[in-house]
Amino acid sequence: MEKSQRFVCLVVLHLVLVLLTSSVNAGHDYRAALSKSILFFEAQRSGYLPGNQRVRWRANSGLNDGKASGVDLVGGYYDAGDNVKFGLPMAFTVTMMSWSIIEYGKQLAINGELGHALRAVKWGTDYFIKAHPQPNVLYGEVGDGDTDHYCWQRPEDMTTDRRAYRLDPNHPGSDLAGETAAAMAAASIVFRRYDRAYSATLLRHAKELFNFADKYRGKYDSSITVARKYYQSVSGYSDELLWAAAWMHKATNNKFYLNYLGRNGHSLGGTGWAMTEFGWDVKYAGVQVLVSKLLMQGKAGRHLDVFQGYQKQAEFFMCSCLGKGYRNIQRTPGGLIFRQRWNNLQFVTSASFLLSVYSDYLTTSRKTLTCAYGKFAPSQLLNFAKSQVDYILGSNPRATSYMVGYGNNYPQQVHHRASSIPSIKVQPSFVTCRGGYAKWYTRKASNANILTGAIVGGPDAYDNFADERDNFEQTEPATYNNAPLLGVLARLSAGSRGYNLGLPEDGSAVTKPMPKRKPAPAPAKSSVITITQKVTLSWKAKGKTYFRYSTQVTNKSKKNLKNVKLSVSELYGPLWGLTKSGSSYILGNLPARKSVEVVYVHAAPPAYITVANYN
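Every chain is numbered independently, its residues counted from 1 as its sequence is written. Totals for whole chains, interfaces and linings use all residues, but because this is a predicted model, local features are given only for residues with pLDDT of at least 70 and pairs of side-chain atoms are given and counted only at 80 or more. For side-chain calculations, the full set of non-hydrogen atoms in the structure is used, while hydrogens and water are omitted.

Turning to the overall build of the protein, a few remarks are in order. The numbering of helices and of strands both runs from the N terminus, where a helix is a DSSP run of H or I of at least 4 residues and a strand a run of E of at least 2. Across its full length, the protein carries 18 helices and 13 strands. Expressed as a percentage of the 615 residues in the protein, the buried residues total 59%. For the protein, the proportion of contacts with a sequence separation of at least 24, taken over those separated by at least 6, is 74%. In the form shown here, the protein has an accessible surface area of approximately 25,000 Å², with 52% of it arising from carbon and sulfur atoms. Only protein chains enter the accessibility calculation, which uses a 1.4 Å probe; a residue is then buried when its area is under 20% of its type maximum, exposed when over 50%, and partly exposed in between. Note on contacts: a residue pair qualifies if any of its non-hydrogen atoms lie within 4.5 Å across the two residues. All accessible-area figures derive from a Shrake-Rupley calculation using a 1.4 Å probe, and residue coverage is judged against the displayed protein chains alone.

Quick look at the structure:
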């Protein structure tokens, strides 16, 4: 081929890719994606399903788990498309769900998903309480991958070995015990505002697990060897010890854990490991981000130099993601972070979460990111995280959504036993171990049940994807793919100014009367639209009292209103629910007898909100 012809072909190919990408890049419904992503966890539940179970095609399963060992291990989550309960990825899943709520609980509440997120966390922590019957005993796995993978059965039909595997002083596992301690500590922060007794129980377990992990050191897969083939702890346990200490300090504010991070920062690798990945095995980047926040908050104390070492590595991770560092993360031609062939999207969602929270930490502390190739605004981190989420949701060269049930083009043959076989409620006949492979695994058709919200493994290094059930590297989902995405989707649903502006993590936020403004205008009313405002939350940060205002805009008439516009003045903080256009804010259509909630946060009396126009 002539050089000129090759050039024309490349130009045409580039234009096709641009057109494909732009055709699906008009904007994504992050609220809908958030709702679906939380729903996925209900499909992964083991044990007795509750009355409010929304994934109706699932039924009770694993009801004898732990019985042979004399312990009740009913409950918890299946990790992916199989029916094993692996402790390490389950604990990481709970930690990341909890971190999502801690950072973006307000946004989850605005979207009506906070309750579902809390229940998702509690399903995991209820199981961990059972799995930790003694201070120095932790059950880390139920079932084993070899016998489970030999069968293709619904969890309701399982005939595989459900043996329970445990850690104790003679069989240590600092990585698994440390991660479980982190999960319990993070969850204790989440529940402190809603159930103080349960929060205290979680924190007690977290303290015991941290002490167990630190005192009896060893890799968990040396004790639970059946896990080695599936969730080997390649990074060892040093990162989990630091990770657990960071969460223990966050949950207790006890200087013991702060000093632990300072004393062990060098020896356990917190200041030495410059990472380009974050996930269920490698926690260093997460630790470094948490410690960086302590540094930005001025809490480093005598450990200033060490904590600066943590932050240096945290920013190495951020710069690598942006492609502005000395050692950058590989990307596909379509712009997706690429780490490995098998389940690559787990690294994309976890990196996107760290990028989002670090962007908000920098914004709050009025700092920028310094990389090898310049300084970058916090917004650039958030924008890159958004680009990764948009890719997952369909803004990619294939125009494929890698979230099941989102968009018009998503995976149909997901590598997932329960999803691929008709529900036991529809076809109650028993599915045998090998019979499931013969009839359902090899079936070249869409799964019987839609695994709504599941994030599958995703495309390869060249944006290619094969929607085939036996292609487990690309079509198998996992709980730890979804867990970090809860926070990122909640953050993106709030728009460019959606951070919580210092919402306290210790549960000290309280509801206070609405502050008075003098002179205060009368509430905006008419025979058609009424506007009422109230304070739903208040808290103190950096000497200021912030108020969360809920504004109800109600159409009192029997007619639908179109093109409703509001005028807003004396507003000094972020506002959600309206789109600004010139000097007005567009509310859009308002059905008859319906209300719309508008939320804003600022450290002042209520803003002036009036009706500007409507049809």
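The next point concerns the nonpolar core. The nonpolar side chains of soluble globular proteins are, as a tendency, buried together. Nonpolar core, defined: a set of buried Ala, Val, Leu, Ile, Met, Phe, Trp, Tyr and Cys residues in which side-chain atoms within 4.5 Å join the residues together. W99, W247, F307, Y358 and L369 are the most contacted members of the largest nonpolar core, which totals 152 residues. Core analysis: the second largest hydrophobic core is formed by 20 residues, V528, I529, V568 and I609 among them.

Right, let's get into the confidence of the model for the protein. As a per-residue quantity, pLDDT reports the predictor's confidence and falls between 0 and 100. Per-residue confidence for the protein gives a mean pLDDT of 89, with 90% of residues at or over 70. This stretch, residues 1-26, has a pLDDT under 50; its non-local contacts, to residues over four places away or in other chains, come to 14 contacts. The model gives residues 500-512 a pLDDT under 50, and that stretch makes 39 contacts with residues more than four places away or in other chains.

What follows covers the sheet that holds strand 11 (residues 584-590). Adjacent strands of a sheet form backbone hydrogen bonds with each other and so pair up, either parallel or antiparallel. Pairing in this open sheet of four strands is antiparallel, and the strands run 10-11-8-13 from one edge to the other. The two strands at the open ends of the sheet, each matched to only one other strand, are strand 10 (579-581) and strand 13 (608-613). For this sheet, the mean inter-axis angle between neighbouring strands, taken without regard to orientation, is 40 degrees. Any two strands between which DSSP finds at least two bridges are classified as paired. The pairing of strand 8 (residues 561-569) with strand 13 spans five bridges and is classified as antiparallel. Opposite V568, over in strand 13, you have I609 as the bridge partner. Here an axis means a line fitted to C-alpha atoms, over the contact stretch when the element is a helix, while the angle between two N-to-C directions is reported on a 0 to 180 degree scale.

Let us look at the layout of surface pockets. Of the voids in this model, the second largest pocket is the one considered here, and its volume is about 690 Å³. Lining the second largest pocket are 36 residues, with Y230, Y231, W280, Q340 and W342 sitting closest to its centre. At the level of elements, helix 13 (345-364) and helix 16 (433-441) are the ones that each hand at least two residues to the lining of the second largest pocket. Partitioning the lining of the second largest pocket into residue classes produces 20 nonpolar, eight polar and eight charged. Points on a 1 Å grid, built from protein atoms alone, make a cavity when a 1.4 Å probe fits but cannot get out and make a pocket when they are open with protein on both sides within 12 Å along at least 5 of 7 lines; residues with an atom within 4 Å of a point are the lining residues. Grid points are joined across faces, edges and corners, and a volume is the space filled by probe spheres set on the points. For this classification, the nonpolar set comprises Ala, Val, Leu, Ile, Met, Phe, Trp, Tyr, Cys and Pro, the charged set comprises Asp, Glu, Lys and Arg, and every other residue, Gly included, is treated as polar.

Glancing now at the environment of N447. Its location among the elements puts N447 in the loop between helix 16 and helix 17 (472-475). It is 5.4 Å that separates the C-alpha atoms of N447 and Q413, two residues lying 34 residues apart in sequence. In this structure N447 touches Q412, Q413, V414, H416, S419, S420 and R469, once residues within four positions along its chain are discounted. Within 3.5 Å is the distance limit for a polar contact, defined as a pair of N or O atoms, with the added protein rule that one can donate a hydrogen and the other accept it, and that residues adjacent in sequence qualify only through two side-chain atoms. Polar side-chain contacts of N447 include one of 3.0 Å to the backbone oxygen of V414.

The next thing to look at is the packing of helix 13 against helix 18 (residues 479-493). Contact pair helix 13 / helix 18: the axes reach a minimum separation of 8 Å and the direction vectors enclose 35 degrees. For the element pair helix 13 and helix 18, the recorded crossing hand is left-handed. Here helix 13 contributes Q346, T349, S350, S352, F353, S356 and D360 to the contact with helix 18, which in turn contributes Y480, N481, P484, L485, G487, V488 and R491. Two helices cross in a left-handed way if the nearer one is turned anticlockwise from the farther one by less than a right angle. They cross in a right-handed way if the turn is clockwise.

To continue, consider the sheet that holds strand 3 (residues 164-167). Spatially, 1-2-3 is the arrangement adopted by the three strands of the open sheet, whose pairing is antiparallel. Sheet topology places strand 1 (85-86) and strand 3 at the edges, where each strand pairs with a single neighbour. Relative to strand 2 (residues 138-142), strand 1 is paired through two bridges, and the arrangement is antiparallel. Residue pairing for strand 2: F86 is matched across the bridge by E141. Contacting strand 2 and strand 3, helix 6 (residues 174-191) crosses the sheet at an angle of about 100 degrees to strand 2.

We now examine the pattern of salt bridges. What counts as a salt bridge is simple: a side-chain nitrogen of Lys or Arg found within 4 Å of a carboxyl oxygen of Asp or Glu. According to the stated counting rule, one finds 20 salt bridges in the structure shown. A cluster of three or more residues bridged by salt bridges with shared partners is formed by D65, K85 and R162.

Structural remark: α-helix, 3.6 residues per turn; residues separated by three or four positions point the same way. An expected span of 1.5 Å times one less than the residue number is assigned to each helix. Its 19 residues give helix 12 (residues 304-322) an end-to-end C-alpha distance of 27 Å, which sits within 8% of 27 Å, the value for a rise of 1.5 Å per residue. Taken across its 19 residues, helix 12 has 15 buried, putting it largely inside the fold. Directly beyond the C-terminal end of helix 12, a positive phi value near 80 degrees is found at G323.

Here we take up the state of the cysteines. Sulfur atoms of two cysteines make up a disulfide when they are within 2.5 Å. Tallied over the full model, the rule gives two disulfides. C151 shares a disulfide with C433; S-S distance 1.9 Å. Measuring handedness by torsion sign, the sulfur bridge of C151 and C433 sits at about -85 degrees and is left-handed. One end of the pair, C151, is in the loop between helix 5 (145-150) and strand 3; the other, C433, is in helix 16, with 282 residues separating them in the sequence. Look at C151 and you get buried, because its relative accessible area is 5%. Between C319 and C371 runs a disulfide, and the two sulfur atoms are separated by 2.0 Å. With the S-S bond torsion at -90 degrees, the cross-link from C319 to C371 turns out left-handed. Here C319 is found in helix 12, whereas its partner C371 is found in strand 4 (residues 369-371), with 52 residues between them in sequence.

Time to look at the packing of helix 6 against helix 9 (residues 238-252). For the pair helix 6 and helix 9, interaxial distance at closest approach is 8 Å and the crossing angle is 20 degrees. Put simply, helix 6 runs roughly parallel to helix 9. At the point where helix 6 passes helix 9, the crossing takes the left-handed sense. Residues S174, D175, G178, E179, A181, A182, A185, A186, S188 and I189 of helix 6 pack against E240, L241, W243, A244, W247, M248, K250 and A251 of helix 9. Residue composition of the contact of helix 6 with helix 9, grouped by class: eleven nonpolar, three polar and four charged. Oblique is the label for any angle not covered by the other classes, which are roughly parallel (under 35 degrees), roughly antiparallel (over 145) and roughly perpendicular (65 to 115).

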